[in-house]
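# Observations on the three-dimensional arrangement
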Amino acid sequence: ARVWPRAIGIGLIGAFALGFGVSGVRAALRLADALPAALEGRDLLVTGVVATLPQRSAAGLRFRFEVERAQRADDGAEVAIPELLSLGWYSGFHEDAALTLPQTELRAGQRWRFALRLRQPHGNLNPHGFDYELYLFEQGVRATGSVRDAPAPQLLHRAAGYPVERLRQRVRDAIDASVPDRRAAGLLAALAVGDQGAIDRDDWALYRNTGIAHLVSISGLHITMFAWLAGAAIAALWRRSSRAALWMPTPLAARWGGLAFAFGYAVFSGWGVPSQRTIWMLATVTALQTLGVRWPWPLVLLLAAVIVTAGDPWALLQPGFWLSFAAVGLLMASSPVRAASPSSHDMTPTGPPPPAWRAALHRVAGAARDGLRTQWIATWGLAPLSLVFFQQISIVGFVANLIAIPAITLVITPLALLGVAAVPLWAVGARAIGLLNALLGWLAGWPGAVWTAPAAPFWAQLAALLGAALWVLPLPRHARLLGLALLLTLVLPPRALPPRGEFELVAVDIGQGTAVLVRTRTHLLVFDTGTQYTRDSDAGQRVLVPLLRSRGETRVDRLVLSHRDLDHVGGARSLLEALPVDELLSSLEPEHPLLALASSTNGRALTAPGDSRASTRSATALTRCEAGQAWEWDGVHFELLWPPAAAYGQGWKSNAMSCVLRVRAPGPDGGTGTSVLLTGDIERDQEAQLLQRAAEVLRSDVLIAPHHGSRTSSTAAFLDAVQPRIAVFQAGYRNRFGHPAPDVLARYRERGIRIVASPSCGAWRWLAAVERGDAGSVGDGAGRDIGICERDAARRYWQHHVPAADDR
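Below is a summary of the structure that appears in this document. Note that the coordinates shown come from a computational prediction; the quantities given were computed from them, not determined experimentally. (Residues numbered from 1 in each chain as written. Predicted model: local features only at pLDDT ≥ 70, side-chain atom pairs only at ≥ 80, totals over all residues. Heavy atoms only, no water.)

### Structural notes on the side chain of D509
Relative to the elements of secondary structure, D509 occurs in the loop between strand 10 (503-507) and strand 11 (516-519). The buried charged residue D509 lacks any salt bridge partner; its closest oppositely charged side chain belongs to R791, at an N-O distance of 4.9 Å. A polar side-chain atom of D509 sits 2.9 Å from the main-chain amide nitrogen of L125. Residues within four places of D509 in sequence aside, it is in contact with G123, N124, L125, N126, V543, S758, G762 and A763. (Helix = DSSP H or I, 4+ residues; strand = E, 2+ residues; numbered from the N terminus. Buried < 20%, exposed > 50% of the residue type's maximum accessible area, 1.4 Å probe, protein only. Lys, Arg positive; Asp, Glu negative; His and termini not counted. Salt bridge = Lys/Arg side-chain N within 4 Å of Asp/Glu carboxyl O. Polar contact = N/O pair within 3.5 Å; in protein donor to acceptor, adjacent residues only side chain to side chain. Contact = heavy atoms within 4.5 Å.)

### Describing unusual backbone geometry
Cis rather than trans, the peptide bond between W642 and P643 has omega equal to 5°. With respect to the secondary-structure elements, P643 resides in the loop between strand 19 (636-642) and strand 20 (660-665). Look at the link from H739 to P740: it is a cis peptide, with omega at -5°. Relative to the elements of secondary structure, P740 occurs in the loop between strand 23 (726-729) and helix 25 (742-750). The phi angle at H128 is positive, at roughly 60°, despite the residue not being glycine. Summarising the element assignment, H128 is placed in the loop between strand 5 (111-119) and helix 3 (132-138). Here the phi dihedral of Y162 falls at roughly 55°; this positive angle occurs in a residue that is not glycine. Mapping Y162 onto the fold places it in the loop between strand 7 (154-157) and helix 4 (163-178). On the basis of relative accessibility, which here comes to 27%, the residue Y162 falls in the partly exposed class.

### Re the environment of Q686
Take Q686: it is sitting in helix 23 (residues 684-694). Residue class for Q686 comes out buried when judged on its relative accessible area of 7%. Sequence separation between Q686 and M657 is 29 residues; the distance between their C-alpha atoms is 8.8 Å. If sequence neighbours within four positions are ignored, Q686 has contacts with W642 and A656.

### Focus: the pairing of strand 1 (residues 43-50)
Strand 1 sits mainly inside the fold: 6 of its 8 residues count as buried. With 7 bridges connecting them, strand 1 and strand 5 associate as antiparallel partners. Looking at strand 5, one finds that L44 is bridged to L116. Sheet topology places strand 1 next to strand 3 (residues 60-72); 7 bridges connect them, and they run antiparallel. Across the sheet, V50 pairs through a bridge with F65, a residue of strand 3. (Pairing = 2+ DSSP bridges.)

### Considering a nonpolar patch on the surface
Taken together, the side chains of L291, V293, W295, L299, L302 and V306 define a hydrophobic patch exposed on the protein surface, amounting to about 550 Å² of accessible area. Checked against the element boundaries, V293 lands in the loop between helix 10 (273-290) and helix 11 (297-311). Here V293 falls in the partly exposed class, since its relative accessible area comes to 31%. (Patch = residues over 30% accessible without salt bridge, like charges linked within 9 Å, V, L, I, M, F, W, Y side chains within 5 Å. Areas by Shrake-Rupley, 256 points an atom, 1.4 Å probe, with all protein chains shown as cover.)

### Section: the pattern of salt bridges
What the rule picks out here adds up to 29 salt bridges. Note that R555 is salt-bridged to D582, the shortest N-O span being 2.7 Å. With R555 in the loop between helix 19 (539-550) and strand 15 (558-561) and D582 in the loop between helix 21 (572-578) and strand 16 (583-586), this pair connects stretches of sequence that are 27 residues apart. The exposure class of R555 is buried, given its relative accessible area of 4%. Of the residues examined, D582 reaches a relative accessible area of 25% and is grouped as partly exposed. Each of R42, R72, D74 and D75 takes part in a single network of salt bridges with overlapping partners.

### Here's the deal with the side chain of T409
Tracing the backbone through its elements, the reader meets T409 in helix 15 (residues 397-418). Look at T409 and you get buried, because its relative accessible area is 6%. Reaching out from T409, the side chain makes a polar contact with the backbone oxygen of I405 at a distance of 2.9 Å.

### Details of helix 23
Among the residues of helix 23, those classed as buried are Q686, E687, L690 and A694. Taken around the axis of helix 23, the buried residues stretch over an arc of 100°, which confines them to a single face. Opposite the buried face of helix 23, at more than 90 degrees from it, the exposed residues are D685 and Q692. For helix 23, the secondary structure elements touched by its buried residues are strand 19, strand 20 and helix 24 (716-722). (Arc of directions from axis to C-beta.)

### Observations regarding the layout of surface pockets
Approximately 1,200 Å³ is the volume attributed to the second largest pocket. If you go around the second largest pocket, you meet 37 residues; those closest to its centre are A305, T309, L316, F321 and W322. For the lining of the second largest pocket, the elements supplying multiple residues, two or more each, are helix 1 (3-32), helix 11, helix 12 (319-333) and helix 17 (458-472). Its residues assigned to classes, the lining of the second largest pocket comprises 30 nonpolar, 6 polar and 1 charged. (1 Å grid on protein atoms, 1.4 Å probe; cavity = no way out; pocket = protein on both sides within 12 Å on 5 of 7 lines; lining within 4 Å. Points joined across faces, edges and corners; volume = space filled by probe spheres on them. Nonpolar A, V, L, I, M, F, W, Y, C, P; charged D, E, K, R; others polar.)

### Considering the nonpolar core
Counting 36 residues, the largest nonpolar core has I175, I212 and I408 as its most contacted members. When residues of this core are assigned to their parent elements, the largest contribution, 9 residues, is made by helix 5 (residues 182-193). Not counting residues within four places of it along the chain, the set of residues in contact with I408 comprises L191, I212, L215, V216, H222, T413, P414 and L436. (Core = buried A, V, L, I, M, F, W, Y, C linked by side-chain atoms within 4.5 Å.)

### Focus: the sheet that holds strand 24 (residues 754-757)
Strand pairs in the sheet, formed through backbone hydrogen bonds, run parallel or antiparallel to each other. If you walk across this open sheet you meet the 7 strands as 18-19-20-21-22-23-24, and the pairing is mixed. The sheet is open, and its two edges are formed by strand 18 (630-633) and strand 24, each paired on a single side. Across the sheet, the mean angle from the axis of one strand to that of its neighbour is 20°, orientation sign disregarded. Pairing of strand 22 (residues 702-704) with strand 23 involves 3 bridges; the strand directions are parallel. (Axes fitted to C-alpha atoms, helices over the stretch in contact; angles between N-to-C directions.)

### What to know about helix 6 (residues 201-209)
Within the span of helix 6, buried status applies to D203, L206 and Y207. Down the axis of helix 6, the buried set is contained in an arc of 95°. They therefore lie on one face. Buried residues along helix 6 sit in contact with helix 5 and helix 16 (424-444). Regarding helix 6, its N-cap is D200, as a side-chain oxygen of that residue lies 3.0 Å from the backbone nitrogen of D202 further along. Positioned one or two residues after helix 6, G211 has a phi angle of 75°, which is positive.

### Quick notes on the packing of helix 14 (residues 383-390) against helix 17
Packed helices, taken two at a time, are described by the angle their axes make and the gap between the axes. Orientation of helix 14 relative to helix 17, taken along the N-to-C sense of each, is 160°, at an axis distance of 9 Å. Judged by the angle between their axes, helix 14 and helix 17 are roughly antiparallel. Between helix 14 and helix 17 lies a crossing whose hand is left-handed. Taken together, the residues of helix 17 that come into contact with helix 14 (itself represented by P384, L385 and V388) are Q461, A464, L465 and A468. Taken together, the residues of the contact of helix 14 with helix 17 break down into 6 nonpolar, 1 polar and no charged. (Parallel < 35°, antiparallel > 145°, perpendicular 65-115°, else oblique. Left-handed = near helix turned anticlockwise from the far one by under 90°.)

Function cannot be read off these values alone, since they describe shape.
In structure tokens:
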């Protein structure tokens, strides 16, 4: 009897070691399929096949490309590059941009020869942000790049491979041609062929805010429903044939037939990671049922998870994995225990049977009751995981899902699929989508429709997940109340705010552009908002707003837009529409559209529940940057040094009008303290004028490098006046401007200035602490003096390592 526990323990340890080893080998093999650094930025001639549906956007096309042959463009020498690339074929994001004729011909399964410029996978890295490099690594993409115009791209073969992708392409093209409403066509394409990129950006926001985003992609719910419907149809047909029933029992045929049809649907819809997880779960359950094995539900779920992770070890790092298995586990664990079957004498009828209509009504009421209970458990049982992964939950999600689940699963998705055979059904589906979107928009407009909370520490996340399990399980009331108390650690987590007289600075990693957060004890200042990536994507929507919400920021006290260049104000629209802004300080011309937007839109900006200032907030104040303006928040001094008031109306170029802001935490008895200088894109002429006007106040510990390290800025005289210990360069990896320039970096290094650059650092956090002579003072070696790089604090093996000296 003692042998079995020991054998089980040894088996578990062996299984863990085997899984760990196999995952390590697979990771090593994938890392080995890397783009040589010497080929980054060089023109290559690459022949291959379009491996996925091209994703269209306002800027052009994105698609996966399977490489067959690669050569250097200059000498034709063969080179080895990764087998799978993620490519962009851009046409620009200005309003009159349009796809060129070759771009309109691009389809999945075609063979092309492109002139490409590649680079190793590199993404922005911010606290609690999306890990783009993990996303590419999991899918086997080991290089990214863009299509060049010369030599011209060549279409070599229209049907070179990927027959399933070609079929998906034809269906998507047919939807686009048949449905004039772009929003409806995008959702139909997403549900029919898994083209989630076709869904409009505003629609994605609507679906997230109403908690139904899981329904508009090919999720486990769609695959499972498809398997159930296919199994029911197969069973009905199977019973009609006595020969078939003798060859295989009807229940067995229905299970395996439903699984086969679900597998076909998953492949046709793109074989995404959520679809793969669902298929392996269904296959596990079907195999166990066929073998007649009756395992406890936790063991069944564990086996399915083992199979899923064996095929995709990195699934454990994806929110969808935990949400899928948690949903199934909650529903299994919370199923009420059925009463024992009554004895035969209890079943003796005592009167006439009820009418058929009453029995049918009873069945419908029971199904509705079970559906409400299931949705209640799924909504609130998964709420803690939603807060852990996304820092928000939809308060209206319960109601929205009650409407959207039957509408999408039973009406819109079948119409999207049946439209392949009967095109007019897509028009019916489009009308249903319009009605659903209108209803969801009404729900999203409710006050407090979305609850946001700061990212909680790890201990609070574990406590809240335990609390969620206690709350939904069929346990005594006192145990469930304990679960509710544990949930509060996630809903209202503690926040680490700077003490009075100090401030925290975050140089956000947004690629090529500037975005800086300055947080005092009770106030937040945002200096610039990063760039606009495409017409429908910007740094505000993709990086800045999620970062602010994960930090628990529900409003911006002052937004400073240094000047009108797109890499500084490109994300301002998204920020103004997402969060209330009390004051906008800028050098923008009076007719700039952002000023009109700030005064008209910000009054409708969403506020998080619990924001006591939301109801009393007035409209955004618009103020012009002028040298000499100053204010104080929580003992921290802010002062504008540029531009002078006389500069307005003089026709200066935008860089010359950059707002320059100095933030200082004074030392004891009003001493020098610590400070940071934010410079926008000023150039050498403005630096010289600043030396004449305000040389005595330029001295700062941290300098946000002017113009991202351009050759037009960072003169020797300016650096000698500022005397920074640390210089921060916010620039994109291998950006087309060459920022920061090598000779500019050399000037900083000659002066012993520590260089922090976004490509090698990610987001940079620094706490400006006054010198107190204790263990928490500046320079204590604990990282407060040099700041914290996100790439160092959260380094993973799949992330791209950029040497500090190679940030261009």
